[in-house]
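The lines below spell out each chain.
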Amino acid sequence: MSLRVAVVGAGPAGIYASDLLIRNEEHDIHVDLFEQMPAPFGLIRYGVAPDHPRIKGIVKSLHNVLDKDKLRLIANVTVGRDVTIDDLRDYYDAVVLSTGAVRDRELLIPGGDKSIGAGEFVGFYDGNPRFERDWNLEAKEVAVVGVGNVALDVSRILAKTGDELAVTEIPDNVYESLKNNKAETVHMFGRRGPAQAKFTPKELRELDGSDTIQVLVDPEDIDYDELSEQVRRSDKSVDLNCQVLEQYAMREPDGSPHKIYIHFFEEPVEVLTEGDAIVGIRTERQELDGNGGIRGTGKFTDWPVQQVYHAVGYRSEPVEGVPFDLQRHVIPNDGGHVLVSADEGAGVEDKLYVTGWIKRGPIGLIGNTKSDAKETTDMLVADAAAGRLAAPSHTGADDIFDLLRERGVDYATWEGWYKLDEAERALGAADPNFPRERKKIVEWDEMLGHSRAGQ
């Protein structure tokens, strides 16, 4: 059996799904991987802090998949605008949606609309062309709401110096903002305790990796009830987190110019403002209730800060022509098939599948993404083998390119990525002050221009 499949979204979820499909030994499956950005790799390129060197290994793995003959990258194409879902149904045997989650959930407290979503800041410092080019970093005291890995990344970037980050792949506009960063104190707030924090141990330890930063925890925040102790005993990662946090709590403040305070059992209840200016954040002290939850104590604290970031989760955006659950911010699905609606018992959409964060929400790590992709692709292959996929009306391998050219879509290819990659590496090597492996190109048209070089 021969199949042509469109996968929408060239982040890890889409690439893992594509890899599983083209490696299928029972069927001859070819994949076209659509991506709205001019460059692939999704959140690995545009959602991870630039000072995470191990990410290079993940990029290399994803790069190896995209090098395979049965997989074609078709970038700078927005599904729902340049081509519709019905177009893809007409040109492919099946469609897998893996569009991820890049927008921030709201901070739903009074004054929360004045705070900045962590994803906006991540998009800035990762050089995403869809986000701001300049950033106001005048605040000396900053609050970060959330105790997950994104909150750690935001706090660490705020506390590092511009020159420390200049050796990474950040573009010039990001360096210019970061070198003028005034932040001296960063307060992270979590409403529950150390055993409930969503850090991974490696990221938590890396928070203290700079000579300019000291991480501190109030010893009174190191508190566990019986359920917390049970979690520590059963989960090695939680226990390692607690050990690191306990070490931070044993310190006395030193002369480091930047301090990161991790506060537990402090639930933000209001962002304090005077006019349009943020002047503080108010929290209510919480305590463990012994049943896995927390309860307020009625003790409130006002912390003087001039900026607030919230890292309370990402959310996905709808894809034009595809059902969407507005409550959960996911495409309704049964584990792989796209459902007609979020209603229980809804039927499935013809030839549509879903994987990654747009399927399950923004939770889990790379391992979850791989198993998620396998669940979805197994369903797709089983449907094809059972004859449940309607044949496309366009069967030529290059018919989709005729459609894009007819509509004037300036698409980019995998060969174009190699040219853009070469240009970014050349920029990094040529930097007179901070030569390094790569410097990102941030302007959309400039990225496309390099992809087009020599054509």
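Residues numbered from 1 in each chain as written. Predicted model: local features only at pLDDT ≥ 70, side-chain atom pairs only at ≥ 80, totals over all residues. Heavy atoms only, no water.

1. Notes on the packing of aromatic side chains
Here is step 1 of the chain: The tally for this structure, following the rule as stated, stands at 13 aromatic pairs.
Here is step 2 of the chain: Aromatic ring contacts, followed pair by pair, group Phe121, Phe124, Tyr125, Trp135 and Tyr309 into a single cluster. (Phe/Tyr/Trp six-rings, centres within 6.5 Å; stacked < 30°, edge-to-face > 60°.)

2. Brief notes about the domain arrangement of the protein chain
Here is step 1 of the chain: The domain architecture assigned to the protein chain consists of domain 1 (2-101 + 316-410) and domain 2 (103-314).
Here is step 2 of the chain: On a C-alpha basis, the centres of domain 1 and domain 2 stand 33 Å from each other.
Here is step 3 of the chain: Listed as interface residues are 18 residues of domain 1 and, on the opposing side, 21 residues of domain 2.
Here is step 4 of the chain: Roughly 1,700 Å² of surface becomes buried between domain 1 and domain 2 when both sides are summed, with 54% attributable to carbon and sulfur atoms.
Here is step 5 of the chain: On inspection of domain 1 and its partner domain 2, the count reaches three salt bridges.
Here is step 6 of the chain: Aspartate 51 is paired through a salt bridge with arginine 156; the nearest N and O atoms lie 2.8 Å apart.
Here is step 7 of the chain: Across the contact surface, domain 1 and domain 2 share seven residue pairs in polar contact (both at pLDDT 80 or more).
Here is step 8 of the chain: Its residues assigned to classes, the side of domain 1 that touches domain 2 shows nine nonpolar, four polar and five charged. (Domains from an automatic or database assignment. Contact = heavy atoms within 4.5 Å. Buried area = accessible area lost by both parts, 1.4 Å probe. Salt bridge = Lys/Arg side-chain N within 4 Å of Asp/Glu carboxyl O. Polar contact = N/O pair within 3.5 Å; in protein donor to acceptor, adjacent residues only side chain to side chain. Nonpolar A, V, L, I, M, F, W, Y, C, P; charged D, E, K, R; others polar.)

3. Focus on the UniProt feature "binding site: FAD" (unreviewed entry) in the protein chain
Here is step 1 of the chain: Using the residue numbers shown here, the UniProt feature "binding site: FAD" (unreviewed entry) corresponds to Ala13, Glu35, Leu43, Val79, Trp357, Gly364, Leu365 and Ile366.
Here is step 2 of the chain: The topology assignment puts glutamate 35 in strand β2 (residues 28-35).
Here is step 3 of the chain: A residue is classified by how much of its surface remains accessible, and glutamate 35, at 9% relative accessible area, is buried.
Here is step 4 of the chain: Ignoring sequence-local partners within four residues, the contact set of glutamate 35 consists of Gly9, Ala10, Gly11, Leu73, Ile74, Ala75, Asn76 and Val77.
Here is step 5 of the chain: Polar contacts involving the side chain of glutamate 35 include one to the main-chain amide nitrogen of methionine 37, which spans 2.9 Å. (UniProt positions renumbered as here; feature names shortened; annotations may be inferred. Helix = DSSP H or I, 4+ residues; strand = E, 2+ residues; numbered from the N terminus. Buried < 20%, exposed > 50% of the residue type's maximum accessible area, 1.4 Å probe, protein only.)

4. Considerations on the packing of helix α15 (residues 414-430) against helix α16 (residues 444-451)
Here is step 1 of the chain: Look at α15 against α16: their axes get within 7 Å of each other, and the N-to-C directions meet at 110 degrees. Between α15 and α16, the crossing angle belongs to the class labelled roughly perpendicular. In this structure, α15 crosses over α16, and the sense of that crossing is right-handed. Contacts from Gly416, Lys419, Leu420 and Ala423 of α15 reach α16 at Met447, His450 and Ser451. (Axes fitted to C-alpha atoms, helices over the stretch in contact; angles between N-to-C directions. Parallel < 35°, antiparallel > 145°, perpendicular 65-115°, else oblique. Left-handed = near helix turned anticlockwise from the far one by under 90°.)

5. A short note on the sheet that holds strand β7 (residues 141-145)
Here is step 1 of the chain: Taken in spatial order, the six strands of this open sheet run β6-β14-β7-β8-β10-β9, and their pairing is parallel. Each edge of the open sheet carries a strand with a single partner, namely β6 (116-117) and β9 (213-217).
Here is step 2 of the chain: The pairing of β6 with strand β14 (residues 307-310) spans two bridges and is classified as parallel. Note on β14: the bridge partner recorded for isoleucine 116 is tyrosine 309. (Pairing = 2+ DSSP bridges.)

6. Description of the layout of surface pockets
Here is step 1 of the chain: One number sums up the size of the second largest pocket: a volume of about 610 Å³.
Here is step 2 of the chain: Lining the second largest pocket are 25 residues, and of these Lys56, Val59, Glu169, Glu437 and Arg438 lie nearest its centre.
Here is step 3 of the chain: Going through the elements one at a time, α2 (42-46), α3 (55-66) and α15 are the ones with two or more residues in the lining of the second largest pocket.
Here is step 4 of the chain: Sorting elements by how many residues they give to the lining of the second largest pocket places α3 first, with five residues.
Here is step 5 of the chain: Both domains that meet at the lining of the second largest pocket, namely domain 1 (2-101 + 316-410) and domain 2 (103-314), each give it at least three residues. (1 Å grid on protein atoms, 1.4 Å probe; cavity = no way out; pocket = protein on both sides within 12 Å on 5 of 7 lines; lining within 4 Å. Points joined across faces, edges and corners; volume = space filled by probe spheres on them.)

7. Here's the deal with unusual backbone geometry
Here is step 1 of the chain: Backbone geometry at phenylalanine 265 places phi at a positive 60 degrees, although glycine is not the residue there.
Here is step 2 of the chain: Owing to a relative accessible area of 2%, phenylalanine 265 belongs among the buried residues under this scheme.
Here is step 3 of the chain: A positive phi is found at lysine 351, a non-glycine position, where the angle reads about 70 degrees.
Here is step 4 of the chain: Of note, lysine 351 is situated in strand β17 (residues 348-354).

8. Quick notes on the sheet that holds strand β12 (residues 277-288)
Here is step 1 of the chain: Taken together, the three strands give an open sheet; going across it, the order is β11-β12-β13, and neighbouring strands pair in antiparallel fashion. Each edge of the open sheet carries a strand with a single partner, namely β11 (266-274) and β13 (294-303). Between one strand axis and the next, the sheet turns through 25 degrees on average, direction left out of account.
Here is step 2 of the chain: Examined bridge by bridge, β11 and β12 share eight bridges and lie antiparallel to one another. Considered in β12, the bridge of proline 268 is made with threonine 283.

9. Comments concerning the UniProt feature "domain: FAD/NAD(P)-binding" (unreviewed entry) in the protein chain
Here is step 1 of the chain: According to UniProt, the "domain: FAD/NAD(P)-binding" (unreviewed entry) feature falls on residues 4-180.
Here is step 2 of the chain: Helix makes up 37% of residues 4-180 and strand 18%, whereas the separation of the span's terminal C-alpha atoms amounts to 50 Å.

10. Considerations on α15
Here is step 1 of the chain: With 17 residues, α15 should reach 24 Å at 1.5 Å per residue; the first-to-last C-alpha distance of 24 Å fits that figure.
Here is step 2 of the chain: All buried positions along α15 are accounted for by Trp414, Gly416, Trp417, Leu420, Asp421, Ala423, Glu424 and Gly428. Axial view of α15: buried residues confined to an arc of 160 degrees, hence all on one face. Those residues of α15 that are exposed and angled more than 90 degrees off the buried face are Glu415, Glu422, Ala429 and Ala430. (Expected span 1.5 Å × (residues − 1). Arc of directions from axis to C-beta.)

11. Describing the pattern of salt bridges
Here is step 1 of the chain: Applying the stated criterion across every chain, the model contains 47 salt bridges.
Here is step 2 of the chain: With a shortest N-O distance of 3.9 Å, glutamate 169 and arginine 438 are connected by a salt bridge. Here glutamate 169, found in the loop between α7 (162-165) and α8 (172-178), pairs with arginine 438, found in the loop between α15 and α16; they are 269 residues apart in sequence, far enough to count as distant.
Here is step 3 of the chain: Of the residues examined, arginine 438 reaches a relative accessible area of 12% and is grouped as buried.

12. A look at helix α11 (residues 236-249)
Here is step 1 of the chain: Taking 1.5 Å as the rise per residue, α11 with 14 residues should run 20 Å; its terminal C-alpha atoms sit 20 Å apart, in good agreement.
Here is step 2 of the chain: Listing the buried residues of α11 in full gives Val238, Asn241, Cys242, Val244, Leu245, Tyr248 and Ala249. Projection of α11 onto a plane perpendicular to its axis shows the buried side chains occupying an angular sector of 165 degrees, all on one side.
Here is step 3 of the chain: Where α11 is buried, its residues touch α9 (201-206), β9, α10 (226-234) and β10 (258-263).
Here is step 4 of the chain: The residue sitting at the N-terminus of α11 and contributing the capping side-chain oxygen is aspartate 235; that oxygen lies 3.0 Å from the backbone nitrogen of serine 237.

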